[in-house]
Amino acid sequence: MVDREEALRYHSSSPAGKVEVNPTKPTLTQHDLSLAYTPGVAEPCREIHADPEKVFEYTAKGNLVAVITNGTAVLGLGNIGPMAGKPVMEGKGVLFKRFAGIDVFDIELDAPDVEGFCQAVKALAPTFGGINLEDIKGPECFVIEERLRKELDIPVFHDDQHGTAIIICAGLVNAMMLFNKRMEDIRVVFSGAGAAALATARLIQHLGVDPANILICDSKGVLRKDREDAMKNTFKAEFAVETDRVSLADAMVDADVFIGVSVAGIVTPEMLKSMAEKPIVFALANPDPEIPYDLARETRPDAIVATGRSDYPNQINNVLGFPFIFRGALDTRATTVNEAMMIAAVNALAELAREDVDDSVTEAYGDEHLSFGPGYIIPKPFDSRVLLRVAPAVALAATLSGVARRPINDIEEYRLKLEKLLGKEREVMRYAFEQARSRPRRVVLADGEYEKVLRAAGQLLDEGITQPILVGREKVIRETAQRLELDLPFDSGRCTIYDPRDSEFTADFEQRLFERRGRKGMSRDDARRAMRGRNWFSAMLVREGHAAGMVAGLGGNFPETLRPVLQVVGTAPDAQRVAGVHLMVIKNELMFFADTTLTLDPSAEELAEIACLSSDLASEFGVDPRVAMLSFSNFGSVRNERSDKVRRATEFVRRWRPDLEVEGEIHADIALVPEHCQQLYPFSKLSGRANVLIFPSLESGNVAQKVAQCTGADAAIGPFLVGLDRPVNILAPYAGVREIVLTAAITAMQAGRQDLTSDQSEYDLLRLARHRAKNVQRPPISATEQGG
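Each value, and the rule that gives it
Residues numbered from 1 in each chain as written. Predicted model: local features only at pLDDT ≥ 70, side-chain atom pairs only at ≥ 80, totals over all residues. Heavy atoms only, no water. Helix = DSSP H or I, 4+ residues; strand = E, 2+ residues; numbered from the N terminus. Contact = heavy atoms within 4.5 Å. Areas by Shrake-Rupley, 256 points an atom, 1.4 Å probe, with all protein chains shown as cover. Lys, Arg positive; Asp, Glu negative; His and termini not counted. Charge placed at Lys NZ, Arg CZ, Asp CG, Glu CD. Salt bridge = Lys/Arg side-chain N within 4 Å of Asp/Glu carboxyl O. Buried < 20%, exposed > 50% of the residue type's maximum accessible area, 1.4 Å probe, protein only. Phe/Tyr/Trp six-rings, centres within 6.5 Å; stacked < 30°, edge-to-face > 60°. Lys NZ or Arg CZ within 6 Å of the ring centre and 35° of its normal. Expected span 1.5 Å × (residues − 1). Core = buried A, V, L, I, M, F, W, Y, C linked by side-chain atoms within 4.5 Å. Axes fitted to C-alpha atoms, helices over the stretch in contact; angles between N-to-C directions. Parallel < 35°, antiparallel > 145°, perpendicular 65-115°, else oblique. Left-handed = near helix turned anticlockwise from the far one by under 90°. Nonpolar A, V, L, I, M, F, W, Y, C, P; charged D, E, K, R; others polar. Pairing = 2+ DSSP bridges. Patch = residues over 30% accessible without salt bridge, like charges linked within 9 Å, V, L, I, M, F, W, Y side chains within 5 Å. Polar contact = N/O pair within 3.5 Å; in protein donor to acceptor, adjacent residues only side chain to side chain.

**A word on the overall build of the protein**
Thinking step 1. In terms of helices and strands, the protein carries 34 helices and 21 strands.
Thinking step 2. Considering only C-alpha atoms, the protein reaches an extent of 100 × 75 × 50 Å along its principal axes.
Thinking step 3. Relative to all contacts within the protein whose residues are 6 or more apart in sequence, the contacts with residues 24 or more apart total 71%.
Thinking step 4. Total accessible area on the protein is roughly 35200 Å²; 51% of this is exposed by carbon and sulfur atoms.
Thinking step 5. One finds the centroid of the 92 positive side-chain charges in the protein at a distance of 4 Å from the centroid of its 113 negative side-chain charges.

**What to know about the pattern of salt bridges**
Thinking step 1. Counting across every chain of the model gives 61 salt bridges.
Thinking step 2. A salt bridge links Arg430 to Glu419, with the shortest nitrogen-to-oxygen separation between them at 3.0 Å. Of this pair, Arg430 sits in helix 21 (residues 424–438) while Glu419 sits in helix 20 (residues 411–419), and the two are 11 residues apart along the sequence. In terms of burial, Arg430 and Glu419 fall into one category: buried.
Thinking step 3. One continuous salt-bridge network, built from bridges that share partners, spans Asp218, Lys220, Arg227, Asp229 and Lys236.

**Describing the environment of Ala334**
Thinking step 1. Relative to the assigned elements, Ala334 resides in the loop between helix 16 (322–331) and helix 17 (339–353).
Thinking step 2. The exposure class of Ala334 is buried, given its relative accessible area of 1%.
Thinking step 3. Each C-alpha atom of the pair Ala334 and Asn409 lies 14 Å from the other, and the pair is 75 residues apart in sequence.
Thinking step 4. For Ala334, the residues in contact, after removing those within four places along its chain, are Asp153, Ile154, Pro155, Ala329, Met341, Ala398, Val403, Ala404 and Arg405.

**Here's the deal with the packing of aromatic side chains**
Thinking step 1. Within this structure, the stated rule accounts for 19 aromatic pairs.
Thinking step 2. Note on Tyr498 and Phe505: the rings are 5.4 Å apart at their centroids and 55° apart in plane angle, and the pair reads as tilted.
Thinking step 3. A relative accessible area of 16% places Phe505 in the buried class.
Thinking step 4. When the centroid spacing of 5.4 Å and the interplanar angle of 50° are considered together, the rings of Phe593 and Phe695 count as tilted. Of the two residues, Phe593 is situated in strand 16 (residues 589–594) and Phe695 in the loop between strand 19 (692–694) and helix 32 (698–711); the sequence distance between them amounts to 102 residues. Across this residue pair, the class does not change: Phe593 and Phe695 are buried.
Thinking step 5. Counting every residue linked through ring pairs, the aromatic cluster contains Phe96, Phe157, Phe322 and Phe326.
Thinking step 6. In this arrangement the basic side chain of Arg98 is found over the ring face of Phe99, its NZ or CZ atom lying 4.8 Å from the centre.

**Some remarks on helix 19 (residues 385–400)**
Thinking step 1. Its 16 residues place the ends of helix 19 23 Å apart at the C-alpha level, agreeing with the 22 Å of an ideal helix rising 1.5 Å per residue.
Thinking step 2. The buried fraction of helix 19 amounts to 12 of the 16 residues, a majority that puts the element mostly inside the structure.
Thinking step 3. All of the buried residues along helix 19 are Arg385, Val386, Leu387, Leu388, Val390, Ala391, Pro392, Val394, Ala395, Ala397, Ala398 and Thr399.
Thinking step 4. Looking at the buried residues of helix 19, the elements they touch are helix 6 (86–100), helix 16, helix 17, helix 20 and helix 21.

**Remarks on the nonpolar core**
Thinking step 1. Phe117, Ile131, Ile166, Phe190, Ile216, Phe282 and Met341 are the most contacted members of the largest nonpolar core, which has 106 residues in total.
Thinking step 2. Counting residues per element, this core draws most heavily on helix 9 (residues 159–179), at 11 residues.
Thinking step 3. If near-sequence neighbours (up to four positions away) are discounted, Phe117 is found in contact with Ile68, Thr69, Asn70, Leu109, Ala111, Leu133, Ile136 and Ile144.

**Remarks on the packing of helix 22 (residues 451–462) against helix 33 (residues 737–754)**
Thinking step 1. Following both chains from N to C, one finds helix 22 and helix 33 inclined at 50°, their axes separated by 9 Å at the closest point. In this view, helix 22 runs oblique relative to helix 33, as classed from their interaxial angle. Judged by the sense of rotation from one axis to the other, the crossing of helix 22 with helix 33 is right-handed. Between helix 22 and helix 33, the contacting residues are Lys452, Val453, Arg455, Ala456, Gln459 and Leu460 on the first element and Val737, Ile740, Val741, Ala744 and Ala745 on the second.
Thinking step 2. Residues that form the contact of helix 22 with helix 33 fall into these classes: 8 nonpolar, 1 polar and 2 charged.

**Details of the environment of Asn79**
Thinking step 1. With respect to the helices and strands, the residue Asn79 is situated in the loop between strand 1 (64–69) and helix 5 (81–84).
Thinking step 2. Counting along the chain gives 56 residues from Asn79 to Asp135, while the straight-line C-alpha distance between them is 9.1 Å.
Thinking step 3. For Asn79, the residues in contact, after removing those within four places along its chain, are Gly71, Thr72 and Ala73.

**Let's talk about the sheet that holds strand 2 (residues 103–108)**
Thinking step 1. The strand order 2-1-3-4 describes an open sheet built from 4 strands, whose pairing is parallel. Each end of this open sheet is capped by a strand with a single partner; those strands are strand 2 and strand 4 (156–158). Direction aside, neighbouring strands of the sheet carry axes that sit 20° apart on average.
Thinking step 2. Bridge count for strand 3 (residues 130–133) against strand 4 is 3 bridges, and the pairing is parallel. Counted as the bridge partner of Leu133 is His158 from strand 4.
Thinking step 3. Across the face of the sheet, helix 6 comes into contact with strand 1, strand 2 and strand 3 while running at roughly 165° to strand 2.

**Quick notes on the sheet that holds strand 5 (residues 188–191)**
Thinking step 1. What the 6 strands build is an open sheet, ordered 7-6-5-8-9-10; its pairing is mixed. Each edge of the sheet is formed by a strand with only one pairing partner; in this case those strands are strand 7 (221–222) and strand 10 (304–307).
Thinking step 2. Sheet topology note: the strand 5/strand 6 (residues 214–218) ladder contains 4 bridges and is parallel. Its bridge partner being in strand 6, Phe190 is matched across the sheet by Ile216.
Thinking step 3. Helix-sheet contacts for helix 9 involve strand 8 (257–260), strand 9 (280–283) and strand 10, and the interaxial angle to strand 9 is about 160°.

**Points about a nonpolar patch on the surface**
Thinking step 1. A cluster of nonpolar side chains, Leu75, Leu77 and Ile80, forms an exposed patch at the surface whose accessible area comes to about 300 Å².
Thinking step 2. Considering the arrangement of structural elements, one finds Leu77 in the loop between strand 1 and helix 5.

**With respect to the side chain of Ser503**
Thinking step 1. Structurally, Ser503 is set in the loop between strand 13 (496–498) and helix 24 (506–517).
Thinking step 2. At 3.1 Å, the side chain of Ser503 and the backbone nitrogen of Phe505 are in polar contact.
Thinking step 3. The contacts of Ser503, once residues within four sequence positions are left out, are Tyr498 and Phe537.

**A look at unusual backbone geometry**
Thinking step 1. Residue Asn286 is joined to Pro287 through a cis peptide bond whose omega torsion reads 5°.
Thinking step 2. Tracing the backbone through its elements, the reader meets Pro287 in the loop between strand 9 and helix 15 (293–299).
Thinking step 3. Backbone torsion omega between Ala594 and Asp595 reads -15°, so that peptide bond is classified as cis.
Thinking step 4. Following the sequence through the fold, Asp595 ends up in the loop between strand 16 and helix 28 (604–620).
Thinking step 5. The backbone phi angle of Asp254 is positive, close to 65°, even though this residue is not glycine.
Thinking step 6. Its place among the elements puts Asp254 in the loop between helix 13 (248–252) and strand 8.
Thinking step 7. Phi is positive for Glu485, which is not a glycine, with a value near 60°.

**Some points on the side chain of Glu606**
Thinking step 1. Relative to the elements of secondary structure, Glu606 occurs in helix 28.
Thinking step 2. Here Ser603 takes part through its backbone nitrogen, which lies 2.8 Å from a polar atom of the side chain of Glu606.

As structure tokens, then:
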């Protein structure tokens, strides 16, 4: 439960409230301001005056929704007025932005009557791409929405009605599937006859429920045709029936489905006992349901139960609907949200719940056992895939039903556009997946006994990224996969297990390791013991060509995991140094920090090699590298042996790799703010913000990476090891399934680009050119520095 004082502090801490307005264009100079306002602003005004459709091109209208209330029915608080309802409307705006990237103005109208409310909204409508009506009491809410939908040419959506109905119906579709029941055969009882109940009753009819099998109860009992008060209400009268059932208890006898959108405690255990076999119970009153979840499950163990609460399974939460419905409607410039779009949202949500749950969701909710079944019939709000499924489904329905002014013809292209709203990390993941699929390579997962590695292996297979090799005790791996109900194809060759203790390769690997390390202090017994270890065995699989790359790190600390990699896989022919590079996502840009893990105090030549290797990694991610050799000096402003080292390193990079855009020695702020760089140092070779940052020491690189990760970076991915003969990447011990999958995909991507072919890949030619360009004699790196 939320503490009252905590909630008040949350809303009152400076700045007060939950929203603010941020400019999307530069406003740093007088010239910027003259473009943002007068005189520059006159030009888009003229364009829009000549062609009103250009308002979507020159203003934020196309991504702006009004959340409007008059405060007459706010949550469970009742008629508290527009001002007291403002925190709720701000909260709604936060959800729009957080889940679908939609901007919101919350508007609280002092207009309790229908006419005044409609006139105000119509006057405001030119500002917005859509209208979300919120917390308006019935029956006025029905009249207001119906009238505004007729009179406006933008989507008008009363979330208390349709948003709730869509999520209920998605859950109902899946519950029916689990119980093998048909819509046309079921009896449905509602407790509550307000906006949500009536909208849901209409929508379930579109799903196939017979209107004659729907009973709706208000505070006076079943809506019947002989009830004069019910028949006087136009909206209730639509659902009045001829029946001898009078009370809610009467209505629930032999019912298949109960949908409660009323008040707490109105349903008793006896009522539940009277329902049909395998009942479906949606007790959605907030904060306390019509019957407590635990009591409902205890009374009817055969039931599927859903509530509106997040602390129980099957939460019916409107946030699964309205952000994504509006996203699809705005992107097609739909004139309305019609039934076809709502049904599309229902089906998209229901289908997503039947898929395997993404690891990021299980981590967010701390529940590793989310899977389709009686306890999971609806997706979780933090499942990022909801945006990618619901918005395209709604957009396609808008297009096919003829209400889209900008039809979506390529849904997959639209889905990729939406994916960018989820952040650059998601884009990196998609890029790595696509690259790995295009050049399939086998990757060994050294920590094969871990549950999260086995889950990752399943996802890697499902996505077609790689056919993983798992290293560990075969019995443990098989038993763990069975316990987790993972259908991994161990016996088909697509997912191979190697047990270092009794593998067919073990004896040969021991001999090869001894031959490789015998003159560097490793005895035959040392080699035998080492080869029983997962990391040593996995590294040898890579060296001997049984795998193209390796992912490890869950079972030990970084130095212990790195040592066998350095001693078995070794450095690439053109490299004398292995470095660690972090890929940082900062303000939706990819940046590469190096060296962040390995080289304590690199020489000028080592620093130059780190820059070249890091630039190659950036290129593998489709980034044109702009390299900054960082220092406390700008182009000799401070003469010191440390700044001189960075200056000499920059010269080496230019000599070895004339194709690279590199600058140094240079301050970090000069490298990252192009305007400052061009103003102070117009001779700089950087054409824009640097995206490969080479730090003068491990201390500075590691500290900078950690500070960025903890204070402003959207994501930190890695470290990735560069300079090895074959791709190997080391995970943090706390890495989750998502990180394992991404790291394995990137490793497979690197392996696909690095593999030699008869034609020599572009990657190999690049390495060869760099190798030939290094026409200076370089001192060897000591064995101690590189792991012995």
